[in-house]
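Residue-level structural notes
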Amino acid sequence: LEFRHVLFRSEQSNPGIDAAIGPGTMRANRTRTGAEEQPANSQRNTTSEPQVLHQPAPYNLLSLRDLYTQLPEQGGQLKRFGSDVFLRRDGFETNQLAPSGRETPLDVPAGPGYVVGPGDSLSIDLWGGISQSFVQLVDREGRIALPESGAVQVAGLTLERVRGVVAEALKPQYRDVQVAVTVAHLRSIRVYVVGDVQRPGAYDISSLSTSLNALYAAGGPTGVGSLRVLRHYRGKQLIGEIDLYDFLLHGVQIEDRLQAGDTVLAPPAGPQIAVYGAVKRPAIYELNGKATLGMVLEDAGGATVAAELGHIEIDRIDANRQRETVTLDIPPAGSPESAQAAIATFPVNDGDRVRVAPILPYSQRVIYMQGHVVRPGRVSYRDGMRLSDALRSYQDMLPEPADN
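Read on for a plain summary of the structure. Along each chain, numbering runs from 1 in the same order as the chain's sequence is written. In view of the model being predicted, local features appear only for residues whose pLDDT reaches at least 70, and side-chain atom pairs are presented and counted only at 80 or more, with totals across whole chains, interfaces and linings using the full set of residues. The side-chain quantities take in all heavy atoms of the structure and omit both hydrogens and water.

1. Some details on the sheet that holds strand β8 (residues 230–234)
In a beta sheet, neighbouring strands pair by backbone hydrogen bonds and run either parallel or antiparallel. One bridge is not enough; two strands pair if DSSP finds at least two bridges between them. Under the scheme used here, helices are H or I runs from DSSP no shorter than 4 residues and strands are E runs no shorter than 2 residues, and both carry numbers assigned from the N terminus. Strand order in the open sheet made by the five strands is β7-β6-β10-β8-β9, with mixed pairing throughout. Of all the strands in the sheet, the pair left with one neighbour each is β7 (201–206) and β9 (237–242). Recorded for the sheet is a direction-independent mean angle of 30° between the axes of neighbouring strands. Of the pairings in the sheet, the one linking β8 to strand β10 (residues 263–266) comprises three bridges and is antiparallel in character. Bridged to R231 within β10 is L265. Geometry is summarised by axes, namely lines fitted to C-alpha atoms with helices restricted to the contacting stretch, and by angles between N-to-C directions that run from 0 to 180 degrees.

Right under this line is the structure:
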């Protein structure tokens, strides 16, 4: 404290010290000396206000900000892929289950391959030897009544075959008769949807419905129901298994026609993997058998253009033991082809959480311009760059720049 008082008096009396110490140091010393103007016999203790020295930061703050910039982690909980398909979207209610089968229309067009059964209404048009149109209902025994020809068995025949049977039955009665047969009204069938679905039970749906229609009528699978395996039973016989990912990802229509009394079973979901980060569709995906990381990323829509394929982290569960983090063995300077090959062959397990890290959020080949210039900020860097490449002329600086 004594030395500072002497220095302060010397600054007032000796101008030569100003040049030797510099104005910045003088201002700092004066600030600190002013804060210490108190009686000489007073002593500072731990409760005294701390002394602060204000100096300009000697760093490039813009470069430091870029250096410590990090992309935030993805917020929100990951949803299960495909679960939104079975929600109501009528503009009035949100996050509601799809309507039941009793609320869905049953009249849809039937093609020539449609199999006629009891309960169908057939529209028959005749022309040629006679011009007439009428509608006949297929009775419980599978027959329809034709004028002047009696009853004809049509149940179990395709619509195209029914047209031929009706034409053959009417030819003895009418000369050069032409026949057209269409379905005026489709019959409804009762099927059973069981397993891990929102509303298990019996549903009356259209005879043209598939397993997907029945699952939609039941509100879709629950949180533990499978979207990769949907079993279609007819009695004790397994008709087939349907993978809904073929429809959800590729738009492949499901053509397994239901019959009255069929059962649709949604079993529990199989292995599941969470994919997030720099991918196009972050979600939880269900596996159907053994899969690789390349297959999972393909289901997720692939990596985005900002993905760093050399930094893929996988949080894995070692069954009944512990959690561990696994990384792909990809050389840092490897080509994109080598990274894709490693991803395509890397196996994934149930419970894995795959995070595809993004590239750095700033450019590394850059220099920073600041101070008395017209355009402060970043300037692209190239090998062999000189100062004159950044400051080409005095036009890049503000008026009256310093010559030092």
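2. Concerning the pattern of salt bridges
Salt bridges are identified by distance alone: a Lys or Arg side-chain nitrogen within 4 Å of an Asp or Glu carboxyl oxygen. Summed over all chains, the structure comprises 15 salt bridges. The salt bridge involving K171 is made with E168; its shortest N-O contact spans 3.8 Å. For K171, a relative accessible area of 47% translates into the label partly exposed. Relative accessibility decides the category of a residue: with a 1.4 Å probe and only protein chains considered, values under 20% of the type maximum give buried, values over 50% give exposed, and everything between is partly exposed. The exposed category is assigned to E168, whose relative accessible area is 51%. D352 serves as the salt-bridge partner of R316, at 2.9 Å between the closest nitrogen and oxygen. A residue pair is termed long-range when its members are at least 10 positions apart, and R316 in strand β13 (residues 307–318) and D352 in the loop between α9 (336–345) and β15 (353–358) qualify at 36 residues. Under the relative-accessibility criterion, R316 is labelled buried at 12%. The network of salt bridges with common partners includes D139, E141 and R143.

3. Digging into the sheet that holds strand β1 (residues 121–127)
As summarised here, the arrangement of the three strands in space is β2-β1-β5, forming an open sheet in which the pairing is antiparallel. Only two strands of the sheet have a single neighbouring strand rather than two, namely β2 (132–137) and β5 (178–185). Taken pair by pair, the neighbouring strands of this sheet meet at an average axis angle of 20°, ignoring direction. Sheet topology places β1 next to β5; seven bridges connect them, and they run antiparallel. Bridging from a neighbouring strand, S121 pairs with H185 of β5. Only heavy atoms enter the contact rule, under which two residues are in contact if any of them lie within 4.5 Å. Helix α5 (residues 159–170) rests against β1 and β5 of the sheet, and its axis sits at about 130° to β5.

4. Things to note about the packing of aromatic side chains
Remark: the centre distance and the inter-plane angle together describe each pair of aromatic rings, the angle taken between the planes. Any two rings among Phe, Tyr and Trp, with Trp reduced to its six-membered ring, count as a pair given centres within 6.5 Å; such a pair is stacked if its planes are under 30 degrees apart, edge-to-face if over 60, and tilted if neither. For the structure on display, the rule yields three aromatic pairs. Centre to centre, the rings of F81 and Y245 are 5.4 Å apart; their planes meet at 80°, and the pair counts as edge-to-face. Remark: Y245 occurs in helix α7 (residues 244–250) and F81 occurs in the loop between α4 (61–67) and β1; sequence separation between them is 164 residues. Judged by its relative accessible area of 3%, Y245 is buried. Ring geometry for F86 against Y216: centres 6.4 Å apart, planes inclined by 40°, an arrangement best described as tilted. Note that F86 is positioned in the loop between α4 and β1 and Y216 in helix α6 (residues 211–217), a separation of 130 residues in sequence. Given the relative accessible area of 4%, F86 is considered buried. Look at Y216 and you get partly exposed, because its relative accessible area is 30%. Clustering of aromatic rings is evident, with ring pairs tying together F81, Y245 and Y285.

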